[in-house]
Structure formats: structure tokens, C-alpha cells
Amino acid sequence: MMKSQLQNPFPPDVERAINEIVKDDARYSLTEMRSVHRENLVVPVKLLFQNGEIQSTFSRNVSPVGICLIGDRPIEENQIVDLEIYRLHGPPIKLTSDVRWCKPFGTEWFMSGWKFLALRR
């Protein structure tokens with residue numbers, strides 16, 4: 001192994017690209033106006049629509065008030081949907097939620113904001 005590889009185990013262009021992604025995310029987080037702090041959380045979430053449709057997404061962040069999800073399809077606002085939030089251990093948590101907003105996230109993905117309405121048992 002060359003000495004330069006030992007000093008810098010990753011390519012500089014990769015480091016710059018990753019730093020750019022992290023800075024973009026930090027800038028976005030600064031523009032959000034939240035009344036309650038959200039925790040970063042990346043877990044699978046299934047959307048169970050009233051018409052029987054199921055859509056798979058991932059969470060971005062969560063608070064006791066709501067959750068931000070990322071998926072590959074847009075979601076119509078002001079719908080009531082059951083969310084199954086998966087956990088590392090134990091069964092998923094099911095919450096009835098309201099879609100507050102949905103917007104493009106890059107070119108092929110969509111980010112949506114949800115307000116929790118009730119815990120489903």
C-alpha cells in the first residue's frame with residue numbers, strides 16, 4: 001500500500017461530494033419552521049391508503065407531532081392514511097396520519113410531511 005493511501009484513506013473528490021450533500025441537508029433543515037424538535041430517524045414506513053393501496057417509503061425525521069417521509073411517488077395532500085412505522089425490535093407502530101404537504105426531492109423522489117392524528121391498536 002502506498003504511503004499516501006495510509007494518510008488519506010478516501011479520495012478527495014469523494015470527500016468533497018459527501019460534504020456537499022451534508023451541507024445541502026443542513027441548509028434545508030435551517031429553513032424549516034418547527035414548533036417541536038424533530039429527531040433524525042431512518043426506518044421503513046408503509047402507507048396504508050383507505051382504497052387498499054400500499055406504498056413503501058422511508059422516514060427522514062420524526063417528532064411526537066409528525067413525521068417526514070421520502071418515497072418514489074407523489075402523495076396527494078389532505079388525505080388520512082395509516083402509517084406503519086417499522087422498528088428494529090417489536091411489531092410496527094401504526095398511526096393514523098394526515099398528509100400536510102408533498103414536494104419533489106431531487107428528480108425522482110418525493111418528500112412528504114405528516115401530522116399524527118391517532119395511535120392505532
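Everything numeric in this text was worked out from a predicted model, so none of it was measured. (Residues numbered from 1 in each chain as written. Predicted model: local features only at pLDDT ≥ 70, side-chain atom pairs only at ≥ 80, totals over all residues. Heavy atoms only, no water.)

Trainee: Run through the pattern of salt bridges, naming residues and quoting values.
Mentor: Applying the stated criterion across every chain yields a total of five salt bridges. Linking Arg120 and Asp82 is a salt bridge whose minimum nitrogen-to-oxygen distance equals 2.5 Å. Taken together, the positions of Arg120 in strand 7 (residues 109-120) and Asp82 in strand 5 (residues 80-85) put the pair 38 residues apart, joining distant regions of the chain. Under the relative-accessibility criterion, Arg120 is labelled partly exposed at 41%. What makes Asp82 buried here is its relative accessible area of 14%. (Salt bridge = Lys/Arg side-chain N within 4 Å of Asp/Glu carboxyl O. Helix = DSSP H or I, 4+ residues; strand = E, 2+ residues; numbered from the N terminus. Buried < 20%, exposed > 50% of the residue type's maximum accessible area, 1.4 Å probe, protein only.)

Trainee: Please give an account of the pairing of strand 3 (residues 54-62) that cites residues and values.
Mentor: Bridge count between strand 1 (residues 39-40) and strand 3: two bridges; the pairing is antiparallel. Residue pairing across strands places Asn40 opposite Asn61, the latter belonging to strand 3. Note that strand 2 (residues 44-48) and strand 3 share five bridges and pair antiparallel. Residue Leu48 lies in a different strand from strand 3, and its bridge partner there is Ile54. Hairpin connection from strand 2 to strand 3: five residues lie between these consecutive antiparallel strands, with Gly52 at a positive phi of about 95 degrees. Alignment of strand 3 against strand 4 (residues 66-71), held across four bridges, turns out to be antiparallel. Paired with Asn61 across the strands is Cys68, a residue of strand 4. Linking two consecutive strands that pair antiparallel, namely strand 3 and strand 4, is a turn of three residues. (Pairing = 2+ DSSP bridges.)

Trainee: Could you give an account of the packing of aromatic side chains, naming the residues involved and the relevant values?
Mentor: Taken as a whole and judged by the stated rule, the model has zero aromatic pairs. The cationic tip of Lys103 hangs over the ring face of Trp101; the distance from NZ or CZ to the ring centre is 5.1 Å. (Phe/Tyr/Trp six-rings, centres within 6.5 Å; stacked < 30°, edge-to-face > 60°. Lys NZ or Arg CZ within 6 Å of the ring centre and 35° of its normal.)

Trainee: Quick one: what's the story with the side chain of Asp98, residue by residue and with numbers?
Mentor: When you line up the elements, Asp98 lands in strand 6 (residues 93-105). Residue classification places Asp98 among the buried residues on the basis of a relative accessible area of 10%. When near neighbours in sequence (up to four residues on either side) are disregarded, Asp98 contacts Asn78, Gln79, Ile80, Gly113, Trp114, Lys115 and Leu117. (Contact = heavy atoms within 4.5 Å.)

Trainee: Hey, could you go over the side chain of Ser63 for me, with residue numbers and the actual values?
Mentor: When you line up the elements, Ser63 lands in the loop between strand 3 and strand 4. Only 3.0 Å separates the side chain of Ser63 from the backbone nitrogen of Val65, close enough to count as a polar contact. The residues contacting Ser63, other than those within four sequence positions of it, are Val36, His37, Arg38 and Phe116. (Polar contact = N/O pair within 3.5 Å; in protein donor to acceptor, adjacent residues only side chain to side chain.)

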